[in-house]
Amino acid sequence: MDIDLLVTGGVVRGVTDGDLVVFKGIPYAAPPVPFAAPEPVRPWHGVREAVTFGAAPPQSGAFGMDALADRGDDWLTLNVWSPDLDGRLPVIVWIQGGAYVFGRSGLPEYDGSTLARGGVVLVTFNYRVGLDGFGWVEGTPPNRGLLDQVAALEWVRDNIGAFGGDPDRVTVFGQSAGGGSVAALLAMPRAAGLFHRAVVQSMPGTYFTPRLAGDITRACAAAIDLDPAELPGADPWALPAAGDAVAATMPRHADRWGRAAHALVPFAPVVDGDVLPTTPWLGLTGRVAVLVGHTRHEQRLLTALAGLLGEVTEDQAAEAAEIFGPDPQRYRDSFPDPEELYDVVRSDWLFRMPSLHLAQAQLAAGGRAHLYELTWPAPGMGGVLGACHGLDVPLVFGNLTQGQPAVLIGEPTAEAEAVSEQMRLAWTAFATSGDPGWPSHDTGATRLFDAEPSVTDYPEQVSREIWHEPPGVLDLVRTD
């Protein structure tokens, strides 16, 4: 059955899907001008069909994501799943990951049906990535990808009541670059008051200075024979290839770009002093309750993608400790096995310690922080990846057989279903009441998601002792 609703811009028509009402491809802003801030929705006449996902923004060719992109320009759209249009239900807004270079809300792993049936209104949306979203060009608004996210949250504030959602109970949740985005939103004055709780899953600790972001952007522009000032006028579909070309050669620039080059990270939110005034660890107010955590073996998937799983040498592990560890000798003494050392130190630098320090910063600001760690090992692919990066996505959404991350699950078992249910119940409980089911981390409590769930002290104590401070903003290490 078709359902018509009035939203900002006009009337949209969604459909019923069993016990849900689903709307897809609703504009939350105008088609964006490249390298410009998002503008308000343009009104339309008549009824706009909202039954298919909107076009994805131009993006990296990683994992074949560029082949899934549509050649439209109306990228800033969102999707809503609601179990009750007449309700006043908690709202959860998903921000997908993708290393700030790819991602689209219409992927099957982000289907919101299972989560919405748990008693929430679920929203997913597209935002700009890569050069258009996070490249640094003088004279253009910084962090346009984050500004897109703010625009989506403003749309939620103004319209979600028509879908049965409570605009006073909005939870933002995201994983990887989506988690880093949520953390950034916590520190952004423009986002204040637009959400009331935040779930940060495996946030990368990568935030750039304008100097580093500008230098990488200049390299991207040069890759397509342009001056940076010419990028706003370039074909937006040519920009991802420039970013991919630079990403592929980043190790050559390690003496200049430092850890960003070693980690192959060409884009990240920029601490520009305005849109993002400071890093999340320094910008929390404590007013928004936070649920934050990571997986145990974050790096292992990335190691496998690099073709190094089971092949890490002692020299490679020692080099990783020197580059990414604040106390390389302590790392080497604590983790003598090269494979484990490589996995732990890179997991700590990129995901685990940024997540832990976000919880600690939240507590220091007088807020509530619930900490978790996903320790259940992924059974797919022969079980070689452990509790790796990305495993939380199918578990939280309950989509164990859909999309690329489903390969981590393999054939779903009763155990996989049980762990998924644990996480879904915790996330929806937190969105509903602010209590996911275990104490705030000021008590030392950490929830472990596994076949046998438990609440314990934070288990990565060696890493915690090594890391006294969060990673900090990334800058040029050589400026000549």
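The coordinates are above.
Residues numbered from 1 in each chain as written. Predicted model: local features only at pLDDT ≥ 70, side-chain atom pairs only at ≥ 80, totals over all residues. Heavy atoms only, no water.

Regarding the packing of helix α4 (residues 144–159) against helix α5 (residues 177–186)
And step 1. It is at 11 Å that the axes of α4 and α5 come closest, and there the two elements cross at 75°. Regarding the angle of α4 to α5, the classification is roughly perpendicular. On α5, the residues that touch Leu 146, Gln 149, Val 150 and Leu 153 of α4 are Ser 181, Ala 184 and Leu 185.
And step 2. The residue makeup of the contact of α4 with α5, split by class, is 5 nonpolar, 2 polar and no charged. (Axes fitted to C-alpha atoms, helices over the stretch in contact; angles between N-to-C directions. Helix = DSSP H or I, 4+ residues; strand = E, 2+ residues; numbered from the N terminus. Parallel < 35°, antiparallel > 145°, perpendicular 65-115°, else oblique. Contact = heavy atoms within 4.5 Å. Nonpolar A, V, L, I, M, F, W, Y, C, P; charged D, E, K, R; others polar.)

Some details on the environment of Glu 319
And step 1. By the secondary structure assignment, Glu 319 is in helix α12 (residues 314–324).
And step 2. Between the alpha carbons of Glu 319 and Tyr 342 there is a distance of 8.8 Å; along the sequence they are 23 residues apart.

What about the pattern of salt bridges?
And step 1. A full pass over the atoms with the stated rule returns 23 salt bridges.
And step 2. For Asp 132, the salt bridge goes to Arg 144, with nearest N and O atoms at 4.0 Å. Of this pair, Asp 132 sits in helix α3 (residues 130–134) while Arg 144 sits in helix α4; the two residues are 12 residues apart in sequence, bridging distant segments of the chain.
And step 3. Close ionic contact of Asp 475 with Arg 211 constitutes a salt bridge, the shortest N to O distance being 2.6 Å. Note that Asp 475 is positioned in the segment after α18 (461–466) and Arg 211 in helix α6 (residues 210–223), a separation of 264 residues in sequence.
And step 4. Owing to a relative accessible area of 43%, Arg 211 belongs among the partly exposed residues under this scheme. (Salt bridge = Lys/Arg side-chain N within 4 Å of Asp/Glu carboxyl O. Buried < 20%, exposed > 50% of the residue type's maximum accessible area, 1.4 Å probe, protein only.)

Some details on the packing of aromatic side chains
And step 1. Per the stated rule, a full pass over the model turns up 19 aromatic pairs.
And step 2. Ring centres of Trp 75 and Trp 237 lie 6.1 Å apart, and the angle between their planes is 85°; this geometry places the pair in the edge-to-face category. Taken together, the positions of Trp 75 in the loop between α1 (65–68) and β5 (77–82) and Trp 237 in the loop between α6 and α7 (239–248) put the pair 162 residues apart, joining distant regions of the chain. No difference in accessibility class separates Trp 75 from Trp 237, as the two residues are buried.
And step 3. Plain terms: the ring middles of Tyr 372 and Phe 449 are 5.9 Å apart, the flat faces sit at 70° to each other, and that makes the pair edge-to-face. You can see Tyr 372 sitting in strand β11 (residues 369–374) and its partner Phe 449 sitting in strand β12 (residues 445–449), a full 77 residues away along the chain.
And step 4. Grouped by ring-pair contacts, the aromatic residues Trp 94, Tyr 110, Phe 173 and Phe 397 constitute a single cluster. (Phe/Tyr/Trp six-rings, centres within 6.5 Å; stacked < 30°, edge-to-face > 60°.)

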